[in-house]
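Observations on the three-dimensional arrangement
Here are the chains, one letter per residue:
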Amino acid sequence: MFFIDTIELEGLGNRSYLTGGRGAAVAVDPPRDFDQVLAAAVRRGVRITHVVETHIHNDYVTGGLELARVTGAAYLVPAGARVSFARVPVSDGDTVTVDDALELRAVATPGHTPHHTSYVLLEQGRPVAAFTGGSLLIGTVGRPDLVEPRLTEHLARAQHASAHRLAAELPDETSVLPTHGFGSFCSSAQAEGDTTTIGKEKSANAALTTDVDSFVARLLGELDDIPAYYTHMGPANAAGPAPLDLTAPAVADAREIAARLAAGEWVVDLRNRVAFAEGHVAGSFNFEAEGKIATYLAWLIPWGKPVTLLAESPEQLAAAQRELVRVGIDRPAAAATGSPKEWVPEGEDLVSFPRSTFAGLAERGTDGVVVLDVRRDSERAAGHIENSVHIPIHQLPRRLGEVPAGTVWVHCAGGMRAGIAASLLHASGREVVAVDDGFDAAATAGLTVVAG
């Protein structure tokens, strides 16, 4: 008998796994905040004997090294990965015993990285599951362009070969359990569905239904933007991440918040975009705690700049802090919780800006205003409002001066990124209206939407 527990990291769009038998278990690609993995092991009544990495991750800071230290588990890392800490190097074909009749076999699957390794769970010698990391995903594969531009095409071809190796060596009923593909930018596309098998992927995955040249051409043509913070994740993981610290940050009063703003630091309001628009500290930015805060704050903030967090409650602050340590934003400089009225010095007022919809924009008309589209290039290519200005959200902080004069109606695909952009623009002194609406409503509202 074996079990597989899935640990969801919804904010980053990743999954980790705990798998094992009656007494022992293996953690696969654990997050930095690995308490969820420990809790799963306690519920199962098993000891974690091995921690394995499929690759040196580019999109989050791993908890593997520290989890292995805390539990006394062996830490398995692909032999080809250059790291600065002691680990058990894993090569193609290596097998470790997990529990009675349970083994884990390493399968070299280069493509997402040169050293990428998948792990096949064997029960009495029969493959039952494959932990494929950033190799074979649900309906797609991990992107090959995160290591070095000169290697991208070579790695794309390796992805095709690795997918075919897994399909050839594993039975159709083998479960495919990837780390990426659920919102992570490490995936070349996003998963459709929640579970899959080798058999399903043989009929649905382009890596397995398309010849290598066609597959590579399509894969390279569809690659999206790379979050800027990815540059820092690989080196952090290769060096060996420091233990995380989730203790509460120092408390900032209104005077300190003002001083940090005056010093050019980032003050980030974690409340939802509706509450932020209605009233916030002048100069603060809005990254919703309920949104993809780790991805977008880490992508936009100048790396290493101090950040102060403003939250409605200690629980909201703690949840955001947990998300941020996963991407290497370890310690907020300070934080405050409660009502925004408490975050401004006595005698000063909160500031606000209006929100609207695409119907509101159509009723107002686009003449005399700036319509700013902050979606990514790939999203805009599928359709955009005629004569709108395009600056992707991750480029906006350094391109604020390119936004034409006038009131800015800013939109994205659903409203979250528009809220971030509106806060950036408003903090810089611009008149702004946040379009909090799904882009599908633009054409319905009567706005002219063009392709290309």
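Just above sits the structure.
Quick notes on the rules
- Residues numbered from 1 in each chain as written.
- Predicted model: local features only at pLDDT ≥ 70, side-chain atom pairs only at ≥ 80, totals over all residues.
- Heavy atoms only, no water.
- Helix = DSSP H or I, 4+ residues; strand = E, 2+ residues; numbered from the N terminus.
- Buried < 20%, exposed > 50% of the residue type's maximum accessible area, 1.4 Å probe, protein only.
- Contact = heavy atoms within 4.5 Å.
- Core = buried A, V, L, I, M, F, W, Y, C linked by side-chain atoms within 4.5 Å.
- Pairing = 2+ DSSP bridges.
- Axes fitted to C-alpha atoms, helices over the stretch in contact; angles between N-to-C directions.
- Phe/Tyr/Trp six-rings, centres within 6.5 Å; stacked < 30°, edge-to-face > 60°.
- Parallel < 35°, antiparallel > 145°, perpendicular 65-115°, else oblique.
- Left-handed = near helix turned anticlockwise from the far one by under 90°.
- Nonpolar A, V, L, I, M, F, W, Y, C, P; charged D, E, K, R; others polar.
- Arc of directions from axis to C-beta.
- Right-handed = clockwise from strand over helix to strand, strands pointing away.
- Salt bridge = Lys/Arg side-chain N within 4 Å of Asp/Glu carboxyl O.

**Describing the side chain of Arg260**
Locating Arg260 in the fold gives a position in helix H8 (residues 254-262). Residue classification places Arg260 among the buried residues on the basis of a relative accessible area of 18%. Excluding residues that lie within four positions of it along the chain, Arg260 makes contacts with Glu265, Thr308, Ala333 and Ala334.

**Some words on the nonpolar core**
Judged by nonpolar contacts, the single largest core of 52 residues is most densely connected at Trp266, Phe287, Leu297, Leu372, Ile393, Leu396 and Val410. Here the element with the most residues in this core is helix H10 (residues 293-300); it accounts for 7 residues. For Phe287, the contacting residues outside a window of four places in its chain are Trp266, Val268, Asp269, Leu270, Ile293, Tyr296, Leu297, Leu300 and Ile420. In terms of nonpolar packing, the next biggest core, distinct from the first, is built from 21 residues, Ile48, Leu67, Tyr75 and Phe85 among them.

**With respect to the sheet that holds strand E10 (residues 126-133)**
With mixed pairing, 5 strands are arranged side by side in an open sheet as E7-E8-E9-E10-E11. Each edge of the sheet is formed by a strand with only one pairing partner; in this case those strands are strand E7 (95-99) and strand E11 (175-178). This sheet shows a mean twist of 25 degrees between the axes of neighbouring strands, independent of strand direction. Across 4 bridges, E10 lies against E11 in parallel orientation.

**Here we look at the packing of aromatic side chains**
What the rule picks out here adds up to 9 aromatic pairs. Residues Phe185 and Trp299 carry aromatic rings whose centres are separated by 5.2 Å and whose planes lie at 80 degrees to one another, so their mutual orientation is edge-to-face. Separated by 114 residues along the polypeptide, Phe185 in the loop between E11 and helix H4 (198-204) and Trp299 in helix H10 bring together distant segments of the chain. Taking the relative accessible area as the measure of exposure, Trp299 reaches 5% and is therefore buried.

**Considerations on the packing of helix H3 (residues 152-169) against helix H6 (residues 212-221)**
It is at 9 Å that the axes of H3 and H6 come closest, and there the two elements cross at 125 degrees. In terms of axis orientation, H3 runs oblique to H6. Viewed along their axes, H3 and H6 form a crossing whose handedness is right-handed. Along the contact surface, H3 presents Thr152, Glu153, Ala156, Arg157 and His160, while H6 presents Val212, Asp213, Phe215, Val216, Leu219 and Leu220. Tallied by class, the residues present in the contact of H3 with H6 amount to 6 nonpolar, 2 polar and 3 charged.

**Topic: helix H7 (residues 230-239)**
Among the residues making up H7, those that are buried are Tyr230, Met233, Gly234, Asn237 and Ala238. Projected down its long axis, H7 shows its buried positions confined to an angular sector of 120 degrees, all on one face. Facing away from the buried side of H7 by more than 90 degrees, the exposed set consists of Thr231 and Pro235. Looking at the residues trailing H7, positive phi occurs at Gly240, about 100 degrees.

**Some points on the sheet that holds strand E20 (residues 408-411)**
Spatially, E16-E21-E20-E17-E19 is the arrangement adopted by the 5 strands of the open sheet, whose pairing is parallel. The sheet is open, and its two edges are formed by strand E16 (355-356) and strand E19 (389-390), each paired on a single side. Where E16 and strand E21 (residues 432-435) come together, 2 bridges link them in parallel fashion. Paired with Arg355 across the two strands is Ala434, which belongs to E21. Strand contacts of helix H15 (residues 416-427): strand E17 (370-373), E20 and E21, with the helix running at about 150 degrees to E20, the strand carrying the most contacts.

**Side note on the pairing of strand E5 (residues 74-78)**
Most of E5 sits inside the fold, with 4 of its 5 residues counted as buried. Bridge analysis of strand E4 (residues 47-52) against E5 gives 3 bridges, and the strand direction is parallel. Looking at E5, one finds that Val52 is bridged to Leu76. Between E4 and its parallel partner E5, the chain crosses via helix H2 (residues 64-71), and the hand of that crossover is right-handed. Sheet topology note: the E5/strand E6 (residues 88-90) ladder contains 3 bridges and is parallel. Bridge pairing in E6 places Leu76 opposite Val88.

**Here we look at the pattern of salt bridges**
What the rule picks out here adds up to 31 salt bridges. The shortest N-O distance in the salt bridge between Asp330 and Arg32 comes to 2.6 Å. A residue pair is termed long-range when its members are at least 10 positions apart, and Asp330 in the loop between helix H11 (314-325) and strand E15 (334-337) and Arg32 in the loop between strand E3 (24-28) and helix H1 (35-44) qualify at 298 residues. You can call Asp330 partly exposed: its relative accessible area is 30%. Using a relative accessible area of 5% as the deciding quantity, one classes Arg32 as buried.

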